[in-house]
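Each chain is listed here by its residues.
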Amino acid sequence: MKMYIKSVFVDDQDKALAFYRDTLGFVVKHDIPLGEYRWLTLTSPEEQDGVELLLEPNQHPAARAFQEALAADGIPCTSFSVDDIASEHQRLQDAKVSFTQPPVKAGGATMAVFDDTCGNLIQLIQLD
Amino acid sequence: MGVTYDPQLSVVFRSLADDTRRQILDEQRVRDEQSLFELCARLIENHSISLTRQGITRHLNTLEEAGLIEISWKGRTKFHSLSASDLEHKVKPWLRPFWSGESS
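Residues numbered from 1 in each chain as written. Chains lettered and ligands numbered in written order. Predicted model: local features only at pLDDT ≥ 70, side-chain atom pairs only at ≥ 80, totals over all residues. Heavy atoms only, no water.

## Things to note about the environment of Ala 109 of chain A
Residue and element names in this part refer to chain A.
Here's step 1: With respect to the helices, strands and loops of the structure, Ala 109 is situated in strand β7 (residues 109-115).
Here's step 2: Once the C-alpha coordinates of Ala 109 and Leu 127 are considered, the two residues, 18 residues apart in sequence, prove to be 4.6 Å apart.
Here's step 3: Residues within four places of Ala 109 in sequence aside, it is in contact with Val 104, Ile 125, Gln 126, Leu 127 and Asp 128. (Helix = DSSP H or I, 4+ residues; strand = E, 2+ residues; numbered from the N terminus. Contact = heavy atoms within 4.5 Å.)

Below, the structure is given as structure tokens:
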């Protein structure tokens, strides 16, 4: 059994596509119309056959409640890793990404948290 | 003399009479305006505090009632900041005579 999909709820799939593709730099794998929404997945340019990020609509009230509760406490819903968090933090700030937390050393890694503009906080992590 | 009988003075001292709560204030001095997530990460990393987030939230509520922590919202996230007003205006004046040798 392998890791296949990592799922993130988003309030708007078009806005999410723009953020995850154009700001974060992920590449689209599937964009398949499915009635009102689409099956929209991206991969890392560094791992195009790897785990897919699924951007799911948050229409279910439980999904929105989940997002709001996590965001209120500053808790990220998922995590992406980078080799150099200091330069990625700078690059994203220059691209007007809003961070709730700058890079902080925690548990043998360094991690920061930013807002994906689609209802989520996302963790950026550099493993030592 | 007036400050000594202020009930808020007891509330402040009681809230400070806890190791974890003083460590929370120490971390807030290092970096102000922290989300719960950041504060918990710093407490685990720097003080090996293994309380749950709910446990830390209870301490933050006590500190907020004592006027030592203030809440603000940025977007959808709640941030905690140091609020030193009661320390400055009530605790410090009450403690100062003990060091300066002034009579109250």
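## Things to note about helix α4 (residues 53-65) of chain B
All names here are of chain B.
Here's step 1: Across its 13 residues, α4 extends 18 Å between first and last C-alpha, which sits within 8% of the 18 Å expected from 1.5 Å per residue.
Here's step 2: When we look at burial in α4, the residues that qualify are Gly 55, Ile 56, His 59, Leu 60 and Leu 63. The arc that holds the buried residues of α4, viewed along the axis, is 140°, so those residues lie on one side. Facing away from the buried side of α4, by more than 90 degrees, are the exposed residues Gln 54, Arg 58 and Glu 65.
Here's step 3: Contact partners of the buried residues in α4: α1 (7-16), α2 (19-30), α3 (36-47), β1 (69-74) and β2 (77-82).
Here's step 4: Phi for Gly 67, located one or two positions after α4, is positive at around 75°. (Expected span 1.5 Å × (residues − 1). Buried < 20%, exposed > 50% of the residue type's maximum accessible area, 1.4 Å probe, protein only. Arc of directions from axis to C-beta.)

## Brief notes about the interface of chain B and chain A
When the parts of a complex come together, some accessible area is lost, and that lost area is often used as the size of the interface.
Here's step 1: With 14 residues of chain B at the contact, the number on the chain A side is 21 residues.
Here's step 2: For the pairing of chain B and chain A, the buried interface totals around 1,300 Å² over both sides, and the portion due to carbon and sulfur atoms is 59%.
Here's step 3: Of all residues in chain B, Phe 37, Glu 45 and Arg 76 of chain B give up the largest surface area on contact with chain A, accounting jointly for 46% of the area buried on that side.
Here's step 4: Across the pair Asp 115 of chain A and Arg 76 of chain B runs a salt bridge, and its minimum N-O distance is 3.6 Å.
Here's step 5: The interface formed by chain B and chain A contains 5 residue pairs in polar contact (both at pLDDT 80 or more).
Here's step 6: Of all the secondary-structure elements, those providing two or more residues to the side of chain B that touches chain A are α3 and β2 of chain B.
Here's step 7: Counting residues per element, the side of chain B that touches chain A draws most heavily on α3 of chain B, at 6 residues.
Here's step 8: Residues belonging to the side of chain B that touches chain A are distributed by class as follows: 5 nonpolar, 2 polar and 7 charged. (Buried area = accessible area lost by both parts, 1.4 Å probe. Salt bridge = Lys/Arg side-chain N within 4 Å of Asp/Glu carboxyl O. Polar contact = N/O pair within 3.5 Å; in protein donor to acceptor, adjacent residues only side chain to side chain. Nonpolar A, V, L, I, M, F, W, Y, C, P; charged D, E, K, R; others polar.)

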